[in-house]
Amino acid sequence: HRRIGLSADDPGWAPIGVPGHWRDHAAFARSDGPVLYRRHFTAPPPQSGERRFLVVEGVFYQADVWLDGAYLGDAEGYFFPHRYDITALSRLADDHVVAVEVDCRPPGDLAAKRSITGVFQHWDCLDPSDNPGGLWRPVRLETTGPVVIDRVRVLCRDANPEQAHLRLHARFDSDTPRRARIVTRVDGRVVAESDRTLATGANEVDWTIDIATPRLWWPWALGPAALTDVEVSVEVDGEVSHRYGVRTGLRQVGWNDWTLSVNGEHLFVKGANIGPTTARLAQA
């Protein structure tokens with residue numbers, strides 16, 4: 001860990017912007033990684049009752065994360081943020097250095113890929129030698145109360161102009177066993193509240209909500225693509241400990257006997273076939 005510790009000598013390292021992809025920078029324009037990112041920063045220690053997290057919002061595609069030479073964990077996949085509890089480390093000093101080693105290995109066999117990178121590493125309209133690796137979203141510090149919401153998933157089970165039925169799944173991380181109140185808001189309006197007993201560490205919680213006269217999402221051929229903000233907050237002793245928001249579209253998609261419907265309306269499926277000439281022009 002000598003290379004990534006606080007005393008590592010890095011004045012000669014090439015600067016690189018975050019968020020971004022390393023091939024956007026001249027020094028790494030032909031690199032396939034791995035690339036080691038480091039950043040010095042100063043932050044006062046969290047106050048009593050507070051927790052602090054290092055949040056890697058988007059890494060493409062795999063990474064190892066350190067703070068002050070202490071290994072925090074690994075991250076894989078660019079679909080969701082990765083959160084690391086650094087409360088104890090933050091109380092040891094004011095000066096810190098974060099290091100993230102990012103790798104995005106090119107697929108050796110397109111028929112047996114080991115990374116879920118989709119069209120970014122396998123598409124006729126992109127240069128197959130390109131590499132999307134990097135910290136493509138910010139790396140940030142987050143200070144919360146004693147309970148943090150690690151992630152929230154919102155699933156619209158069914159929807160029509162009168163009502164939408166949503167299923168929510170969230171992971172709450174608590175510093176000790178405690179009672180907490182979970183509040184759900186839709187477009188700023190409280191639609192559900194419940195009191196829960198949380199254990200120390202991760203707590204998986206499921207619940208459902210109904211939304212009257214929802215603003216439905218439609219494909220462009222049928223109507224406006226309205227989006228709805230769903231926010232989950234957790235309160236401890238009457239104070240908000242953490243909030244987590246998700247923006248989603250409320251719609252019901254059906255597939256019956258090769259017929260596609262959205263919110264009960266039939267939709268004719270249209271597509272485009274990119275021929276060899278068009279593909280070559282797109283790569284040029």
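Residues numbered from 1 in each chain as written. Predicted model: local features only at pLDDT ≥ 70, side-chain atom pairs only at ≥ 80, totals over all residues. Heavy atoms only, no water.

## Quick look at the environment of glycine 20
Item 1. Tracing the backbone through its elements, the reader meets glycine 20 in the segment before β1 (35–42).
Item 2. Of the residues examined, glycine 20 reaches a relative accessible area of 15% and is grouped as buried.
Item 3. Aside from chain neighbours lying at most four places away, what touches glycine 20 is Gly134, Leu135 and Trp136. (Helix = DSSP H or I, 4+ residues; strand = E, 2+ residues; numbered from the N terminus. Buried < 20%, exposed > 50% of the residue type's maximum accessible area, 1.4 Å probe, protein only. Contact = heavy atoms within 4.5 Å.)

## Remarks on the side chain of glutamine 121
Item 1. Its location among the elements puts glutamine 121 in the loop between β7 (95–103) and β8 (134–135).
Item 2. A polar atom in the side chain of glutamine 121 sits 2.9 Å from the side chain of threonine 117.
Item 3. Setting aside anything within four residues of it in sequence, one finds glutamine 121 in contact with Cys104, Arg105, Pro106, Pro107, Leu110 and Pro132. (Polar contact = N/O pair within 3.5 Å; in protein donor to acceptor, adjacent residues only side chain to side chain.)

## Some remarks on the pattern of salt bridges
Item 1. Evaluated as defined, the whole model comprises 21 salt bridges.
Item 2. Between arginine 83 and aspartate 150 there is a salt bridge whose closest N-O contact spans 3.7 Å. With arginine 83 in strand β6 (residues 82–85) and aspartate 150 in strand β10 (residues 147–159), the pair connects residues that are 67 residues apart, well separated along the chain.
Item 3. The exposure class of arginine 83 is buried, given its relative accessible area of 16%.
Item 4. Residue aspartate 150 is classed as buried on the basis of its relative accessible area, which comes to 18%.
Item 5. Residue glutamate 231 is joined to arginine 243 by a salt bridge in which the shortest nitrogen-to-oxygen separation is 3.8 Å. Placement of glutamate 231 in strand β15 (residues 228–236) and of arginine 243 in strand β16 (residues 239–248) is noted, with a sequence separation of 12 residues between them. (Salt bridge = Lys/Arg side-chain N within 4 Å of Asp/Glu carboxyl O.)

## A word on the pairing of strand β4 (residues 62–67)
Item 1. Pairing analysis gives 6 bridges linking β4 to strand β5 (residues 70–76), with the strands arranged antiparallel. Bridge pairing in β5 places aspartate 64 opposite aspartate 74.
Item 2. Between β4 and the antiparallel strand that follows it, β5, lie 2 residues; aspartate 68 among them carries a positive phi value of about 55°.
Item 3. Across 6 bridges, the pairing between β4 and β7 is antiparallel. When the sheet's bridge partners are listed, glutamine 62 is paired in β7 with aspartate 103. (Pairing = 2+ DSSP bridges.)

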